[in-house]
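Chain by chain, the residues:
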Amino acid sequence: MVLRLFVAIFAAGTALSARPAPERRTLDVDGLRAPVEIAVDPWGIAHIYARNEHDVFFAQGYNAARDRLFQLEIWRRRATGTIAEILGERELDRDIGARLLRYRGDLGSELNHYHPRGQQIIEAFTAGINAYIDEVRQDDSRLPMELRLLGIRPEPWTPEIVVSRHQGLFSNLTQELTVARAVRAIGADKVKELYYFHPGDPVLEPDPALDLTLLDANVLRFYRAHRSDIAFEPEDLATTTVGLARRRVGPTFVSGAPQTQDPASSVPADGIGSNNWVLSGRRTEHGAPIMANDPHRALQAPSLRYLVHLVAPGWNVIGGGEPALPGVSIGHNAHGAWGLTVFGIDMEDLYVYETRASNPNEYRYRGAWESMRVERETIRVKGAQPVDVTLKFTRHGPVLHEDETNHKAYALRAGWLEKGGAPYLASLRMNQATSWEEFRDACSYSRTPAENMVWADLRGTIGWQAVGIAPVRQHWSGLVPVPGDGRYEWDGYLPIKALPSMVDPDEGYITTANHNLVPDGYRHRNAVGWSWADPYRANRIHEVLASGKRFSMADMMALQHDELSIPARQLVWLLSRVEVSDPSLRRVIDDLSRWDFVLDRDSVEAAIYVSWERQLSENVRALMVPAEARALIKTISMTRVVQWLTAPDARFGADPVAGRDDLLRSSLREALADLTKRLGEDRSAWRYGQERFKHVLIKHPLGQAVPEARRAELDVGPNPRGGYGLTVNSTSGENNQASGASFRIIIDTANWDHSVGTNAPGQSGNPDSPHYRDLFELWVRGQYFPLLYSRERVLGAATKMETLRPTPGRVR
């Protein structure tokens, strides 16, 4: 693994020393105020040098559109609720959800929340996107492959699209519905035992006024549709016209057949992802702080993340963000570096109202009938007539579902629908921070997602500040729906600086990995969440960083790719003490006992262990979860599994230890039988990382819609992988890695040019571009590219130099 990690550093230096002279060109671009230089390095990163603030963000938008136009067009349609316009009636629910959950406050105040000149910055960014869209619309040959396949052309952007909330990592509405239904099925105490709620003992008993029998999956139909991934089908590549009568629908509308599948979900067994840490100079070889971050999200092609370097008066920032957003979410400027992971604030509640039998647009609030606000919109639908929809809103938020038979309405109250709720945009303030104090001030504007923000700077300071919009609930946990009759009102929002924080700890490091970081005795428990990731990734990072050694950048690369499984170390120890009469089974257990617990892609023991852990977890779930709740509680936290197996009780049988041991044995036999069936009789061929077991194939959204030959141009992989969802190198719990850190960054404050990164599969979203998949092999091998910062190093490495100049006579 170590050799695989560091070959890239030598290879990158060799490639740069032998590179040809950069390609040079000049382009006239409408909307610029002065010329802009763009230097593109060998890894596809654009380093943008502008003479003023407007032009640097204009050029960022223009360049992002060149690289990611298909991705931006789908983003725009998801934000505006216009997917059905290109994919037909099956996407009507998504579009209704998008329109219900759109920000409706004052736009100017919203834009300027993220930066004192937020409106000008975001308008410049969208103008840059539109400048490139205008060029493409004048020459269809420049359309990306995906838009040509779909037969559509990109449409203009507005600032409202940038501040859309559709891509946000929010919680916990889906969990609320699931928990309430589980409480109805098996009772509050049993649900608390099965979920890993902590710290403390949250109240799960619902208000007596709620009728839990009325809660079903349809309550969140539009919410789920709005937030789900888009699945393209072969028929989407052809245009059809079906003459259907115009229809009028409201939030109770269900397109097609009634929903029969219950999409209830539970807390994922492998957590919600992402690691970061900062080391003070006392813990590094060279005596200066280091910041490392690997945010975990769904893997996709094109990549979710997009790296850029922005240089203009007052700006010199480099790092990663999303192509649809101005600025840099994770990176560094000339003074400090910052990173993020999810901090589990619960910023959503489901309110249930009694509606008036004679007028369903009225709901009871504090003893009186109150009118909903009603809006009407028309949705264009491919292959059908336009659909008129009715959108309704209570004082708390959008009405997601109406049950006119039982006179109930269900609305979402969401902190992210308040001003400042657009994800990541407050990073614009962070991009200009020069100290910990300025960075923390900038964090006070960061309302979504709820994050652990870490900082390391040239002064030697390291710090952590939890951020996010945290509703103050005075007397309920937020884990189950509540009546909307006025008895469950939020008491404002907790000031962000009142959330947990830390600066320059004695340990010399800070790490966050979505685990519980709420201090003992914290006074605002109901303002933050109760659901956290299993602590295994965090514990492994602590194990390494607490070793007492001084760390190098190479050590940080190795730690980001660490694949030691702490659950394996715990569970194999239990298994090794089980009495086994079968010699072949005993040999397997002995091999596991001698194993180093590293889920290396070439390891046979890793394949056996992961198969056993999966089977064991499912058998424990079947034992612990009553039958009436199994359709709701589909996964169990590994922390809970280990706790129950370590200290078995009567649920394992009259002799709990014997029952536990029998479950350990039988699960191993079942896992071995499954491996034999899937991988063959030759146990030496049971390598963990292979296409029939742990691998990565990043699928393009159009991959399943196009013929197989074309699919190979869009999908990336497959390649073998190691790790899983509970290792620091988090590669998800699926055989095909579904999520993880496609983007990584390690920032060296001793020398910004020594910083490194990854971004799989590549910087470009255009499958015809050399930068579409060129970073994938580096990423698979655990290698990094240099993240160059100084102008001298950037220009010395550039493979392409562009000058964007204002179109003569059209300077704005």
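Model, not experiment: these values are computed from the prediction.

It is at 9 Å that the axes of helix H16 (residues 566-576) and helix H17 (residues 583-594) come closest, and there the two elements cross at 140°. The angle between the axes of H16 and H17 places the two elements in the oblique class. Crossing handedness for the pair H16 and H17: left-handed. Residues Val572, Leu575 and Ser576 of H16 pack against Arg586, Ile589, Leu592 and Ser593 of H17. Within the contact of H16 with H17, the residues separate by chemical class into four nonpolar, two polar and one charged.

For Thr512, the position within the fold is in strand S23 (residues 509-512). Exposure remark for Thr512: the relative accessible area of 0% places this residue in the buried category. Those residues within four positions of Thr512 in sequence are excluded, and the remaining contacts are Ser274, Asn275, Asn276, Thr341, Asn452, Val454, Trp464 and Leu517. Polar side-chain contacts of Thr512 include one of 2.7 Å to the side chain of Asn276. Only 2.6 Å separates the side chain of Thr512 from the side chain of Thr341, close enough to count as a polar contact.

Quick look at the sheet that holds strand S6 (residues 290-294) now. The pairing of strands in a sheet comes from backbone hydrogen bonds and takes either a parallel or an antiparallel form. Read from one edge to the other, the open sheet built from six strands follows the order S23-S5-S6-S27-S28-S29, with strand pairing classed as antiparallel. Of all the strands in the sheet, just S23 and strand S29 (785-786) have a single pairing partner and so form its edges. Sheet topology places strand S5 (residues 275-279) next to S6; five bridges connect them, and they run antiparallel. Note that in S6 the partner of Val278 across the bridge is Met291. Set on the sheet, helix H14 (residues 536-545) makes contact with S5 and S23; between it and S5 the angle comes to about 25°.

For the rest of this paragraph, the subject is the sheet that holds strand S1 (residues 23-29). Strand order in this open sheet of 11 strands is S1-S30-S2-S3-S8-S9-S10-S11-S19-S20-S22, and the pairing throughout is mixed. The open sheet is flanked by S1 and strand S22 (501-503), the only strands paired with a single partner. Between one strand and the next, the sheet's axes are offset by a mean angle of 15°, whatever the strand orientation. When strand S2 (residues 36-40) meets strand S30 (residues 800-806), the two strands line up antiparallel, connected through five bridges. Looking across to S30, one finds that Val40 is bridged to Lys800. Here helix H2 (residues 53-80) sits on the sheet and contacts S1, S2, strand S3 (46-49), strand S8 (306-312), strand S9 (315-321) and S30; the angle it forms with S8, its principal contact strand, is near 155°.

Parameters at a glance
- Residues numbered from 1 in each chain as written.
- Predicted model: local features only at pLDDT ≥ 70, side-chain atom pairs only at ≥ 80, totals over all residues.
- Heavy atoms only, no water.
- Axes fitted to C-alpha atoms, helices over the stretch in contact; angles between N-to-C directions.
- Helix = DSSP H or I, 4+ residues; strand = E, 2+ residues; numbered from the N terminus.
- Parallel < 35°, antiparallel > 145°, perpendicular 65-115°, else oblique.
- Left-handed = near helix turned anticlockwise from the far one by under 90°.
- Contact = heavy atoms within 4.5 Å.
- Nonpolar A, V, L, I, M, F, W, Y, C, P; charged D, E, K, R; others polar.
- Buried < 20%, exposed > 50% of the residue type's maximum accessible area, 1.4 Å probe, protein only.
- Polar contact = N/O pair within 3.5 Å; in protein donor to acceptor, adjacent residues only side chain to side chain.
- Pairing = 2+ DSSP bridges.

It is worth stressing that arrangement in space is one thing and function is another; only the former is reported here.
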